2 protein chains.
Amino acid sequence: MFKLIKKDKTTNARRGVLTTAHGTIQSPFFMPVGTSGTVKSLLVENLLTFDSQIVLSNTYHLFLRPGLEIMEDAGGLHPFMGWDRPILTDSGGYQVFSLTKFRKIKDDGVEFKSHIDGSTHFFTPEKVVDIQRVLGSDIMMPLDVCAPYPCTHKEALKSVEQTTLWAKRSKEHFIGKGHKRHKQHLFGIIQGAIFEELRLRSAEEILNIDMDGYAIGGVSVGEPVEEMFKTLDWVMPLMPANKPRYFMGIGLPDQIVKAVGEGIDMFDTCIPTRYGRHGAAFTSEGKIIVRNQTFAHDFGPLDKNCDCMVCRNHTRAYLRHLVAANEISGLTLISYHNVYFYVNLMRQIRQAIDEDRYEEFKKDFLKRYGSELS
Amino acid sequence: MFKLIKKDKTTNARRGVLTTAHGTIQSPFFMPVGTSGTVKSLLVENLLTFDSQIVLSNTYHLFLRPGLEIMEDAGGLHPFMGWDRPILTDSGGYQVFSLTKFRKIKDDGVEFKSHIDGSTHFFTPEKVVDIQRVLGSDIMMPLDVCAPYPCTHKEALKSVEQTTLWAKRSKEHFIGKGHKRHKQHLFGIIQGAIFEELRLRSAEEILNIDMDGYAIGGVSVGEPVEEMFKTLDWVMPLMPANKPRYFMGIGLPDQIVKAVGEGIDMFDTCIPTRYGRHGAAFTSEGKIIVRNQTFAHDFGPLDKNCDCMVCRNHTRAYLRHLVAANEISGLTLISYHNVYFYVNLMRQIRQAIDEDRYEEFKKDFLKRYGSELS
């Protein structure tokens, strides 16, 4: 499904193209997070206006609400959402470990209580594949065990063992069932928390299963940013060139720019919409808090280097007013700009790699953004 | 500013065109309500996609927040909102009487406490004109006194006297000040509550002032629908043919269809967006509560006779899911459809009048909608 187009001259950044049943995706790329079948406070129509290539959605959430019967009747998530471009669905593993108050990991799966109504459910690797077959996502993720931060070596080891075992069972079930509506792809997830030995072991085991792509999971769970990037130092040298690499749940704009330079192809995070709903906007010169009094008379755009609909049509003073007046349109406009900022950042990244100047692009971006990363 | 194009053959419905500094408006028309400089949960970009001719905004709200200094610096409400089509601003009279906990009517104006922060302000007819000169609305309304429902004859009489006095002072001040940024128009407001004699007196007094258009105010304040329409029976025969007629704060779709047949040209109401935020959608067959379980597996559009973006791209099942999952996009999509429904209804109304078949259109609409009106 992945074709490597070119490698940057001086960094490990790379350009590629993924082929799915719902079209091709130029990499590196960002996946706006549409947890419950919508990117929060945006419309799928908005995503098309700035040409988002793909969205991510959450198996855990969709399984609980609206539930599989409706998803089956709808003919899958694509027609349900009214989105006919590629979709990646996560496995629900992360949500089970982060959202639920009660969960119990057993050898064959994980029991949990819904964070919505407290009802009890049991996810097995096979069931999670089956759910994603009903959803019809183009890329599915296998059920994994995400160790928290901090955690003991023993806990991390257990999560690695379980994740490998479940990845094998996911693959077997995925192969055995065949395609439902259209061709789907199954990735592997590398765990191991902040332990080098465990990350290497997990990578080796998951790579051996031969998945369609490889994700680094269990990151951005509260660990320091240096720890997060250490994972890349350890794992990336093992990664095969001919498979896409996905840094799960990452990250802030400067973190994405750095990770691309380490060879990552795929990103997702709810940061642009979550920040947007809290009135914070990303700009080429760093983050701004739109509600601040300092913007009350500022009739410039959110980001003077941005050409999105919001920056073309609206001022900081207007957006600040909308946020201060608790208008939904304020949150929508800032979220729109933020997601555009991410999608457009990836376009600039791809262009820089195409032109063999990623090192320079990265340096310029991080400096202008005021990043502490290098 | 108003040109009567044609009168319907059998009803009192009429087609006209209003000319303003920000373009012409075909009447009869509906004004989506953008209280604080935004139509709630929609973007001005949305309003353009379905060709809304005008928006209404609230003097009271904009005066309190963001305040006149910012509106002055912005160059008025049009550039502040990023909307260059016509804008009507109301006088704040209705808000002072409906939103504030404390108010005191004096001969020269009304003192009130802000519903936002409790601060004390004083509106005079002159000040309200001045505020609207800063806002730069194309059509401004004079400060009036809106009697509540129910009210005594004495209260209603007082509100009529005050409204006439203030309308005269508004006109004098409006003429004396001249135009600020561009040509603006000033309407008159007819009060009188549910008393025929007072409505006739108010109409006579306000019409004598010779305003650019005439509004019927103090309606839809809790009175029965029959009472509301009685006002039209009394007042409409007095209205000059060459001035636009505005039924303030009206109403539900079937009420608009009926009022057009009585000769009304202009409408505004926050119903489409307020209902939208509460998950209720208007259809050609009446209102539906989208959250209802009955729509969980309904993969048809909100309204099978609607061609709006929402009805073309999304199903009732999806919208129900979004509302149930408390997704902002659900409220936005339903609000979008509802405002489109109103704007498109006015287009159909204009076409029916153009084709001399308003009687038939009205009958068909009211029947299909399940209305009790006739």
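Residues numbered from 1 in each chain as written. Chains lettered and ligands numbered in written order. Predicted model: local features only at pLDDT ≥ 70, side-chain atom pairs only at ≥ 80, totals over all residues.

Draft legend 1. Molecular detail of the sheet that holds strand E5 (residues 55–58) of chain A. All names here are of chain A. Judged by pairing direction, the sheet is parallel, and its four strands sit side by side in the order E5-E6-E10-E11 without closing on themselves. On the outer flanks of this sheet lie E5 and strand E11 (185–186), each paired with one strand and no other. Here two bridges tie strand E6 (residues 87–90) to strand E10 (residues 139–140), and the two strands are oriented parallel to one another. By the bridge assignment for E10, Leu88 is matched with Ile139. (Pairing = 2+ DSSP bridges. Helix = DSSP H or I, 4+ residues; strand = E, 2+ residues; numbered from the N terminus.)

Draft legend 2. Looking closely at unusual backbone geometry. A cis amide bond links Arg65 of chain A with the next residue in sequence, Pro66 of chain A, at an omega value of 15 degrees. Note on placement: Pro66 of chain A falls in the loop between helix H2 (59–64) and helix H3 (68–74). Of note, the bond from Tyr149 of chain A into Pro150 of chain A is cis; its omega dihedral lies within 30 degrees of zero at -5 degrees. Checked against the element boundaries, Pro150 of chain A lands in the loop between E10 and helix H7 (153–177). Here the phi dihedral of Asp210 of chain B falls at roughly 60 degrees; this positive angle occurs in a residue that is not glycine. Mapping Asp210 of chain B onto the fold places it in the loop between helix H8 (196–209) and strand E13 (214–216).

Draft legend 3. Spatial organisation of the sheet that holds strand E5 (residues 55–58) of chain B. In space, the four strands of this open sheet follow the order E5-E6-E10-E11 (chain B), with parallel pairing throughout. Two strands in the sheet have a free side with no partner beyond their single neighbour: E5 and strand E11 (185–186) of chain B.

Draft legend 4. Region of the structure containing the relation of the copies chain A and chain B. For the pair chain A and chain B, the best superposition has an RMSD of 0.0 Å and corresponds to a rotation of 180 degrees with a translation of 0.0 Å parallel to the axis. Viewed as a symmetry operation, the transformation between the two copies matches a two-fold axis. Ranked by how close their C-alpha atoms come to the rotation axis, the residues of chain A are headed by Ile328 of chain A, at 3.9 Å. Here 100% of the contact residues of chain A are again contact residues in chain B; the copies associate through an equivalent surface. (Least-squares fit on C-alpha atoms with pLDDT ≥ 70 in both. Contact = placed C-beta atoms within 7 Å.)

Draft legend 5. Region of the structure containing the interface of chain A and chain B. Contact with chain A, which involves 34 residues of that partner, is made by 34 residues of chain B. Counting only elements with at least two residues in the side of chain A that touches chain B, the list comes to H3, helix H4 (77–81), helix H12 (309–313), helix H13 (316–324) and helix H14 (328–354) of chain A.

Draft legend 6. Summary view of the environment of Ile216 of chain B. Residue and element names in this part refer to chain B. Here Ile216 shows up in strand E13. With 28 C-beta atoms counted inside 10 Å, the residue Ile216 sits in the buried group. Between the alpha carbons of Ile216 and Gly188 there is a distance of 8.6 Å; along the sequence they are 28 residues apart. Among all residues touching Ile216, those that are not within four sequence positions of it are Ile190, Thr231, Val235, Phe247 and Met248. (Buried ≥ 20, exposed ≤ 12 C-beta atoms within 10 Å, placed from the backbone.)

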